[in-house]
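Descriptive structure summary
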Amino acid sequence: MEMSPSANVLWTSSNTSTPDLLTTPASTSCLHFFLEYQDNAVLVKHYNYTGKLQRDRYREGLKPEGIAFLVVCLLIVLENAVVLLAIWRNKKFHLPMYYLLGNLTLSDLLAGITYMANIIMSGPNTLKLTPLLWFLREGGVFLTLAASVISLLAIAIERHVTMVTMRPYHGAKKGRMWALIAASWALAVFLGVLPILGWNCMHQLDRCSTVLPLYARSYILFCVSVFMAVLLAIVVLYARVFHIVRANTKRQGLGLSSSLRKGLARKSQKYIALLKTVTIVLGVFIACWLPLFLLLLLDFFCPTRSCKLLYKADYFLGVAMVNSLLNPIIYTLTSKDMRRAILRLLCRPCLMTRDGQVKKIGMPFLECSFSKTEVATQKLEGGAETTVSSGNNVTTPSPIKAHYPKLFKS
């Protein structure tokens, strides 16, 4: 059976139009997008444009400072792992505030891992990466940095809400803690994956960062602005918390008997002690990260190949890494309960006696046995109130609670 000429033309035209339907502009763009992310030549082109290929760093192996950074990263992972394990094994730390501190510790631990991966994949290995792997390498650092900053904000929000509402945490209140932790990681992941989703400078070399040649300068400025805004918010929140604690202590101390006034002072000291710890953590964070933030701001305003300081970014990142190393040390030096838990975890027989006291070994900062004042804080005025440094756990009434029920209202 023969087809008519018109039918033949119709069949031919339909066949020739089929490839056009399969190769739509959207599918072609996605395919091109995927192929570029797998093209190593794109990475080499960007590094050459920024002048980074003129450095010996990309022709030589791992340098001594790189090995030193790797050792620091290993210490970061080990230290933060010990703190996380101490929080997990000690029921005294199963409180929302310590969970938030544990979330910060987790971000520091992951930061140590991502720094280590970044160092191993740097140098000559950088030029062997595809743009996709490069985005994953650098995105991990940005993600863990964002997680650390936002975790500090979550801690500040929790402290502020607790002090403003005067409602310590109970089991039903843990939803706020989990919401803060989930929100911190969701926002951190969002900031970290923006470049791989398209906010980069591929095909726009004049918009590329010198420190991170595939990142758009606008993205780096956006991230630094977000981090600065978060840190400013943290400072404002802690300033308000300190003001509230001081005002409440002065107001509630009027008209009380001497014993009740002492009990209230101990409770305020517990709040202040914890606030001092997280304030020190915040101060160390700013001191370690501010040089790198300023370098990235210089990268935004400085034309390509005109600022030699931008080629020393590895040392600025090394200073920033020290922050994750110091945080566990800060916890240990400022919290006797944390010192006791860590010492018991690491070497109970050699550092502690059978009754749980720390042996006298000539190191005052390790002397974490409770003094008479601290024991009295555990049991105020003959009551059975147990108060830890977070101020979150209240079991049975004390005279202070009887006079100020609103302070302990659940």
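Since we're looking at a predicted model, the values are computed, not measured.

1. Examining the packing of aromatic side chains
Evaluation of the coordinates by the stated rule reveals 14 aromatic pairs. With a centroid separation of 5.5 Å and an interplanar angle of 40°, the aromatic rings of Tyr 37 and Phe 135 are classed as tilted. A residue pair is termed long-range when its members are at least 10 positions apart, and Tyr 37 in helix 2 (residues 25–37) and Phe 135 in helix 6 (residues 131–165) qualify at 98 residues. Across this residue pair, the class does not change: Tyr 37 and Phe 135 are buried. Judged by centre distance (5.6 Å) and plane angle (70°), the ring pair of Trp 199 and Tyr 219 falls under edge-to-face. Taken together, the positions of Trp 199 in the loop between helix 7 (174–193) and helix 8 (217–253) and Tyr 219 in helix 8 put the pair 20 residues apart, joining distant regions of the chain. Given a relative accessible area of 0%, Tyr 219 falls into the buried group.

2. What about the packing of helix 3 (residues 40–49) against helix 6?
To characterise two packed helices, one gives the angle between the axes of the helices and the distance between these axes. Taken N-terminus to C-terminus, the directions of helix 3 and helix 6 make an angle of 60°; their axes are 8 Å apart at the nearest point. The orientation of helix 3 with respect to helix 6, classified from their angle, is oblique. Counted together, Asn 40, Val 42, Leu 43 and Tyr 47 of helix 3 and Pro 131, Trp 134 and Arg 137 of helix 6 form the full contact between these two elements. Taken together, the residues of the contact of helix 3 with helix 6 sort by class into five nonpolar, one polar and one charged.

3. Side note on the state of the cysteines
All chains considered together, the criterion is met by two disulfides. Here Cys 201 connects covalently by a disulfide to Cys 208, the sulfurs 2.1 Å from one another. Torsion about the S-S bond of the Cys 201 and Cys 208 cystine: about 105°, corresponding to right-handed handedness. Residues Cys 201 and Cys 208 agree in their burial class; the two are buried. Between Cys 302 and Cys 307 runs a disulfide, and the two sulfur atoms are separated by 1.6 Å. Residues Cys 302 and Cys 307 are joined through a disulfide that is right-handed, its torsion about the S-S bond being 100°. The two residues Cys 302 and Cys 307 agree in class, both being buried.

4. Details of helix 5 (residues 96–120)
With 25 residues, helix 5 ought to run about 36 Å at 1.5 Å a step, and its terminal C-alpha atoms sit 36 Å apart, in line with that. Summarising burial for helix 5: 18 of the 25 residues are buried, a large majority.

5. Overview of the pattern of salt bridges
Taken as a whole, this structure holds two salt bridges when the rule is applied. The closest approach of N and O atoms between Glu 158 and Arg 159, which form a salt bridge, is 2.7 Å. In this structure, Glu 158 and Arg 159 share a single accessibility class: buried.

6. A closer look at unusual backbone geometry
Although it is not a glycine, His 203 sits at a positive phi angle of roughly 70°. Within the element layout of this structure, His 203 appears in the loop between helix 7 and helix 8. Notably, Arg 305 is not glycine yet its phi reads approximately 70°, a positive angle. Tracing the backbone shows Arg 305 in the loop between helix 9 (258–301) and helix 10 (313–334). Using a relative accessible area of 39% as the deciding quantity, one classes Arg 305 as partly exposed.

7. Looking at helix 10
If you check helix 10, its first and last C-alpha atoms are 32 Å apart, about what 22 residues at 1.5 Å a residue would give, namely 32 Å. By the largest-angle criterion, Leu 326 marks the main kink of helix 10, which is about 30°, and a proline, Pro 328, follows within four residues.

8. Describing the confidence of the model for the chain
In this model, the chain carries a mean pLDDT of 75, and residues with pLDDT of at least 70 account for 67%. Low confidence marks residues 1–23, where pLDDT is under 50. Its contacts with residues over four positions away, or in another chain, come to three contacts. Low pLDDT (under 50) marks residues 365–410, which in the prediction has 105 contacts with non-local residues, meaning those over four places away or in another chain.

Cut-off values and rules
- Residues numbered from 1 in each chain as written.
- Predicted model: local features only at pLDDT ≥ 70, side-chain atom pairs only at ≥ 80, totals over all residues.
- Heavy atoms only, no water.
- Phe/Tyr/Trp six-rings, centres within 6.5 Å; stacked < 30°, edge-to-face > 60°.
- Helix = DSSP H or I, 4+ residues; strand = E, 2+ residues; numbered from the N terminus.
- Buried < 20%, exposed > 50% of the residue type's maximum accessible area, 1.4 Å probe, protein only.
- Axes fitted to C-alpha atoms, helices over the stretch in contact; angles between N-to-C directions.
- Parallel < 35°, antiparallel > 145°, perpendicular 65-115°, else oblique.
- Contact = heavy atoms within 4.5 Å.
- Nonpolar A, V, L, I, M, F, W, Y, C, P; charged D, E, K, R; others polar.
- Disulfide = S-S within 2.5 Å.
- Expected span 1.5 Å × (residues − 1).
- Salt bridge = Lys/Arg side-chain N within 4 Å of Asp/Glu carboxyl O.
- Bend = angle between axes of the 7 residues up to and from the residue.
- pLDDT = per-residue confidence, 0-100.

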